[in-house]
Amino acid sequence: EAQVTQNPRYLITVTGKKLTVTCSQNMNHEYMSWYRQDPGLGLRQIYYSMNVEVTDKGDVPEGYKVSRKEKRNFPLILESPSPNQTSLYFCASSDRGDAWNEQFFGPGTRLTVL
Amino acid sequence: AQTVTQSQPEMSVQEAETVTLSCTYDTSESDYYLFWYKQPPSRQMILVIRQEAYKQQNATENRFSVNFQKAAKSFSLKISDSQLGDAAMYFCAYFSGSARQLTFGSGTQLTVLP
């Protein structure tokens, strides 16, 4: 089954404790991205990657890091989480970054930073 | 930067009736794509319909259709014969052909009344 998986689905942590949210896709997609969803703001792009070892900032990259060492994986790293990073996070992938090809979204990760 | 505006935070429709969700966007680009995504209570992001900017013909997918007014930068979604399963948050999104970024509106929460 073609899918994007994210782990963990739910996470409660404390300020300053480094965490990683994993994202993996099994569709051999080149393009992957991370979004955060906040009430009244919709989804905002954090980082995206056009291919292995190629990443770029989205609209809200501050406080986040990403890496793309393998085509299928695109982890989101919060080195020192803060309460304003409490949000719902989505990973997505698509083929060749072509907008006409549907972006497949993961199930979301609900993060709470205390 | 592109902006996407959904001016209706909430809407309701009677089952079997028709409802139209509004979306406007601001851009100076000529190469772009527009999407409507549905997010049910499960939080999964589901692509409803998409439109290429260079196509004048409005996209249609079963009970879902769009009214694409390029000069007015308007992209509304019409849902015909509304069903209870259509109840969800609906997001309008703009994809930049040059920046390869997806920008979302703030969403419209649709309630379907039995």
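The paragraphs below set out a description of the structure included in this document.

Here is what the cut-offs are and how they apply
Residues numbered from 1 in each chain as written. Chains lettered and ligands numbered in written order. Predicted model: local features only at pLDDT ≥ 70, side-chain atom pairs only at ≥ 80, totals over all residues. Heavy atoms only, no water. Helix = DSSP H or I, 4+ residues; strand = E, 2+ residues; numbered from the N terminus. Buried < 20%, exposed > 50% of the residue type's maximum accessible area, 1.4 Å probe, protein only. Contact = heavy atoms within 4.5 Å. Polar contact = N/O pair within 3.5 Å; in protein donor to acceptor, adjacent residues only side chain to side chain. Core = buried A, V, L, I, M, F, W, Y, C linked by side-chain atoms within 4.5 Å. Salt bridge = Lys/Arg side-chain N within 4 Å of Asp/Glu carboxyl O. Buried area = accessible area lost by both parts, 1.4 Å probe. Nonpolar A, V, L, I, M, F, W, Y, C, P; charged D, E, K, R; others polar. Patch = residues over 30% accessible without salt bridge, like charges linked within 9 Å, V, L, I, M, F, W, Y side chains within 5 Å. Areas by Shrake-Rupley, 256 points an atom, 1.4 Å probe, with all protein chains shown as cover.

**Some words on the environment of Ser12 of chain B**
Residue and element names in this part refer to chain B.
At step 1: Within the element layout of this structure, Ser12 appears in strand S2 (residues 10–14).
At step 2: When its relative accessible area of 47% is taken as the criterion, Ser12 is described as partly exposed.
At step 3: Sequence-wise, Ser12 and Leu110 are 98 residues apart; in three dimensions their C-alpha atoms are separated by 5.5 Å.
At step 4: Those residues in contact with Ser12 that sit more than four places away from it in its chain are Leu110, Thr111 and Leu113.

**Some points on the side chain of Ser82 of chain B**
Residue and element names in this part refer to chain B.
At step 1: Along the polypeptide, Ser82 turns up in the loop between strand S9 (74–79) and strand S10 (88–96).
At step 2: A distance of 2.8 Å separates the side chain of Ser82 from the backbone oxygen of Glu17, its partner in a polar contact.
At step 3: Apart from residues no more than four positions distant in its own chain, Ser82 is found in contact with Val13, Gln14, Glu15, Ala16, Glu17, Val19, Arg63 and Val112.

**Digging into the nonpolar core**
At step 1: Among the nonpolar cores identified, the biggest contains 25 residues, and Tyr25, Trp36, Phe75, Leu77 and Tyr90 of chain B are the most heavily contacted of them.
At step 2: Residue assignment for this core shows that the elements contributing at least two residues are strand S3 (19–21), strand S5 (32–39), strand S6 (46–52), strand S8 (64–69), S9, S10 and strand S12 (108–113) of chain B.
At step 3: Looking at this core, the element that brings in the most residues is S10 of chain B, giving 4 residues.
At step 4: With near-sequence residues (within four places) excluded, Phe75 of chain B lies in contact with Cys23, Tyr25, Leu34, Phe35, Trp36, Gln51, Val66, Asn67, Phe68 and Cys92 of chain B.
At step 5: Counting residues in each nonpolar core, the second largest holds 19 residues, with Val4, Cys23, Trp34 and Val60 of chain A among its members.

**Side note on the pattern of salt bridges**
All names here are of chain A.
At step 1: Summed over the entire model, instances satisfying the criterion amount to 7 salt bridges over all chains.
At step 2: Between Arg36 and Asp38 there is a salt bridge, and its shortest N-O distance comes to 2.9 Å.
At step 3: When its relative accessible area of 9% is taken as the criterion, Arg36 is described as buried.
At step 4: We note a salt bridge from Asp38 to Arg44, for which the minimum N-O separation is 2.8 Å.
At step 5: Within this structure, Lys18, Lys65 and Glu79 form a network of salt bridges that share partners.

**Structural notes on the interface of chain A and chain B**
At step 1: Taken together, the 29 residues of chain A in the interface contact 21 residues of chain B.
At step 2: Buried area between chain A and chain B, summed over both chains or domains, comes out near 2,100 Å², and the portion from carbon and sulfur atoms is 51%.
At step 3: Between the two partners, chain A and chain B, sit 0 salt bridges.
At step 4: Inspection of the chain A/chain B interface yields 3 residue pairs in polar contact (both at pLDDT 80 or more).
At step 5: When residues of the side of chain A that touches chain B are traced back to their parent elements, those giving at least two are strand S4 (31–38), strand S5 (42–51) and strand S9 (87–94) of chain A.
At step 6: Looking at the side of chain A that touches chain B, the element that brings in the most residues is S5 of chain A, giving 5 residues.
At step 7: Here the side of chain A that touches chain B is composed, by residue class, of 13 nonpolar, 10 polar and 6 charged.

**Observations regarding the side chain of Ser93 of chain A**
All names here are of chain A.
At step 1: Take Ser93: it is sitting in strand S9.
At step 2: Side-chain polar atoms of Ser93 contact the side chain of His29, separated by 2.8 Å.
At step 3: Other than its neighbours up to four places away in sequence, Ser93 contacts Val4, Gln25, Met27, His29, Tyr31, Met32, Glu102, Gln103 and Phe104.

**Things to note about a nonpolar patch on the surface**
Residue and element names in this part refer to chain A.
At step 1: A cluster of nonpolar residues, Ile12, Val14 and Leu114, forms a patch on the protein surface that exposes about 330 Å² of accessible area.
At step 2: Here Leu114 lies in the segment after strand S11 (109–113).
At step 3: Since its relative accessible area comes to 60%, Leu114 is described here as exposed.

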